[in-house]
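# Architecture at a glance
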Amino acid sequence: GKEFIGTGGIVECSGPYKTAEEAKQNCQVVKLPEIIPFNKFFANNISQIKLKSSDEGVKTLAEFFKAGGKLNSFQIVASASKVPAGAVEGDPNAGQWKDNHRYDGAAEGNNDDKSGNLQLTKARAFNLYSQLIALFPELKGLPHTLVAQGSIGDPFDPKVDHADDAKYGQFRRVDFLPN
């Protein structure tokens with residue numbers, strides 16, 4: 001018969017095995033979702049977060065690494081709707097995101113429509129990266145890219161649209177993509 005060996009998400013395996021069933025019984029299969037979303041931790045105009053071990057995406061990664069999972073690389077991709085970004089960290093005294101260049105070198109991306117969303121998405125990608133590196137030493141030194149997409153999605157007209165309309169929510173993303 002055909003022999004099966006451990007590949008594709010199988011972490012601990014000493015095959016080859018004669019059947020797929022035998023491989024499943026003897027191998028520990030550990031998989032991550034293609035995308036682990038973290039956008040719910042970022043409020044409007046906020047880039048700073050403090051992740052806890054009880055947070056859903058953090059638990060997913062913790063279980064993966066505990067089971068012996070290893071990543072080759074990862075990507076963090078942040079995007080925003082076309083609703084213009086406001087005050088940095090929601091603090092009117094901290095200036096506007098469009099004038100903040102603190103994170104310019106932190107993430108790839110040049111979709112700058114002068115709304116402040118490019119700067120906000122760079123900050124979010126970098127701050128998620130910093131939090132995950134602090135929580136998971138397994139990520140240190142891995143090849144990675146931080147991508148800031150800036151404003152994407154439906155146009156925003158302040159005369160007609162409201163910034164909190166649900167149609168904009170789908171474009172406010174901060175995703176961890178494991179490889």
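Located above this text is the structure these notes cover.
In this report, the structure presented in the accompanying data block is examined. (Residues numbered from 1 in each chain as written. Predicted model: local features only at pLDDT ≥ 70, side-chain atom pairs only at ≥ 80, totals over all residues. Heavy atoms only, no water.)

Let us now look at the overall build of the protein chain. From N to C terminus, the protein chain includes four helices and six strands. When the helices and strands of the protein chain are listed from N to C terminus, the series reads β-α-β-β-α-β-α-β-α-β. The buried share among the 179 residues of the protein chain stands at 40%. When contacts within the protein chain are restricted to residue pairs at least 6 apart in sequence, long-range pairs at least 24 apart make up 66% of them. Counting every atom, the protein chain has about 10200 Å² of accessible surface; 50% of that belongs to carbon and sulfur. (Helix = DSSP H or I, 4+ residues; strand = E, 2+ residues; numbered from the N terminus. Buried < 20%, exposed > 50% of the residue type's maximum accessible area, 1.4 Å probe, protein only. Contact = heavy atoms within 4.5 Å. Areas by Shrake-Rupley, 256 points an atom, 1.4 Å probe, with all protein chains shown as cover.)

Our next topic: the environment of Lys70. Tracing the backbone shows Lys70 in the loop between helix H2 (56-66) and strand S4 (74-80). Judged by its relative accessible area of 70%, Lys70 is exposed. Separated by 39 residues in the primary sequence, Lys70 and Lys31 place their C-alpha atoms 10.0 Å from one another.

So, about the pairing of strand S6 (residues 173-178). Note: strand S3 (residues 36-37) against S6, two bridges, orientation antiparallel. Its bridge partner being in S6, Ile36 is matched across the sheet by Phe176. With six bridges joining them, S4 and S6 adopt antiparallel strand pairing. The residue of S6 that forms the bridge with Ile76 is Phe176. (Pairing = 2+ DSSP bridges.)

Nothing here speaks to function; it is geometry throughout.
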